[in-house]
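Below are the chains, spelled out letter by letter.
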Amino acid sequence: MDSAALSWDLLGSFLAVMRAGSLSGASRSLGVAQPTVRRQIEKLEEILGAVLFTRSQTGLTPTETATTTLPYAESMAAVAEALVRSASAPSDAERGTVRVTCSEVVGVEVLPPMVADLRRAHPQLQIELSLSNANEDLLRRDADVAVRMAQPTQSALVAKRVGTVKLGLFASETYLKDHALPRSPADLLRGQALIGKDRDTSFFAALAAARLSLKRKDFALRTDSDVAHLAAVRAGIGIGICQVPLAVGPPRLQRVLPKLSFDLPVWVVTHENLRASRRVALVFEHLVGSLAKYVKQASSP
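The numbers attached to residues start from 1 for each chain and follow its sequence in the written order. At least 70 in pLDDT is required for a residue's local features to be given in this predicted model, at least 80 for side-chain atom pairs to be given and counted, and no such filter applies to totals for whole chains, interfaces and linings, which use all residues. Side-chain numbers come from the whole structure's heavy atoms, not from hydrogens or water.

Structural notes on the layout of surface pockets
This is how the line gets drawn: The pocket and cavity definitions rest on a 1 Å grid over protein atoms only: a 1.4 Å probe that fits but cannot leave marks a cavity, an open set with protein on both sides within 12 Å along at least five of seven lines marks a pocket, and residues lining either have an atom within 4 Å of a point. Grid points are joined across faces, edges and corners, and a volume is the space filled by probe spheres set on the points. Helix and strand assignments come from DSSP, with helices taken as H or I runs of at least 4 residues and strands as E runs of at least 2, each series counted from the N terminus. Polar here means any residue outside two lists: the nonpolar Ala, Val, Leu, Ile, Met, Phe, Trp, Tyr, Cys and Pro, and the charged Asp, Glu, Lys and Arg; Gly therefore counts as polar.
Volume-wise, the largest pocket comes out at about 870 Å³. Around the largest pocket, the lining comprises 33 residues; the ones closest to its centre are Met149, Leu167, Lys197, Asp226 and Leu264. Among the elements of the structure, strand E3 (96-102), helix H5 (104-121), strand E5 (145-148), helix H7 (202-209), helix H8 (226-235), strand E9 (240-243) and strand E10 (253-271) are those that each provide at least two residues to the lining of the largest pocket. Here the element with the most residues in the lining of the largest pocket is H7; it accounts for four residues. Residues that form the lining of the largest pocket fall into these classes: 18 nonpolar, eight polar and seven charged.

Pasting the structure below:
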């Protein structure tokens, strides 16, 4: 195999097909014609000497070779994107692009007002907000700054613990009009509709640690999306977990069994190589200060 023949166009098309699952979807995401994507995939297969996809009426199915190749293509994409962000402005400038990653609920419910304040103070900053409950790799430069709910362990990262946000059980006024307010954990299994996780087994471990003996079948609605979970609580579907500061609404949520509480540590993280970047430092420090204020809000709404 001639590695010199591996252009980014070929790997970019491969990555687009892996993400879209079809040539048509990849062509739309890349903004090129579908035959062009097909030729690039065929060229890459020729260079690698292996088949990357099997064709069917339902689309393209990745082969084992494609699956093992994917992490390398993703690494190259991350490096290319980081290069573009790095070149967006001089390192000492208060402008340019900074990519921030965080969980869904933090990105939708918590960060937008903080980013608005940041942009008012520094209007030449451009923020890329990546929402994912999976931790993006800061070492690989998938993002410049991350908000995480667990302490990072890699030595090359700079992390600041801003505090602990409280979580509890909450229900909407709409729900409580039709259901009695639980007075004990045992009441949760007596005529109550509960909202919980679907396939995320760590959720049940957290419940067990809080001495809540709940099983998957006990939940009227199950979803692994924290945003959907919160929306379901607000809509009055049932009782679910919510970050205490978010319960003020709208709509306002009522705490259920206030003695039941979960602690979620909040960290702001960046790569040590980015400490000299003025724009990254601005975003990092702003999020540290803003999130510290957020977690210090009253422990009950």
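Let's talk about H7
Formally: The buried label applies to any residue whose accessible area, calculated with a 1.4 Å probe on protein chains only, is under 20% of its type's maximum; exposed applies above 50%, and partly exposed to all values in between. Directions drawn from the helix axis to the C-beta atoms are what define this arc. Residue contacts are defined here by distance: any two heavy atoms, one from each residue, within 4.5 Å place the two residues in contact.
Here H7 has its buried residues at Phe203, Phe204 and Leu207. Viewed along the axis of H7, the buried residues span an arc of 95 degrees, placing them on a single side of the element. Every exposed residue of H7 that faces more than 90 degrees away from the buried side is listed here: Ala208 and Ala209. Packed against the buried residues of H7 are strand E7 (195-196), E9 and E10. With its phi angle positive at about 65 degrees, arginine 211 sits one or two positions after the end of H7.

So, unusual backbone geometry
Residue proline 250 follows glycine 249 across a cis peptide bond; omega there is 0 degrees. Here proline 250 lies in the loop between E9 and E10. With omega at -10 degrees, the peptide bond leading from proline 250 into proline 251 counts as cis. Counting through the fold element by element, proline 251 comes out in the loop between E9 and E10. Phi is positive for leucine 257, which is not a glycine, with a value near 50 degrees. Note that leucine 257 resides in strand E10. On the basis of relative accessibility, which here comes to 9%, the residue leucine 257 falls in the buried class.

Some points on the pairing of E5
Test applied: For two strands to count as paired, DSSP must find a minimum of two bridges between them.
Going residue by residue along E5, you find Val145 and Val147 tucked away on one face and Ala146 and Arg148 tucked away on the opposite face as well. For E5 and E10, the ladder comprises four bridges, and the chain directions are antiparallel. In the strand pairing of E10, valine 147 is matched with valine 268.

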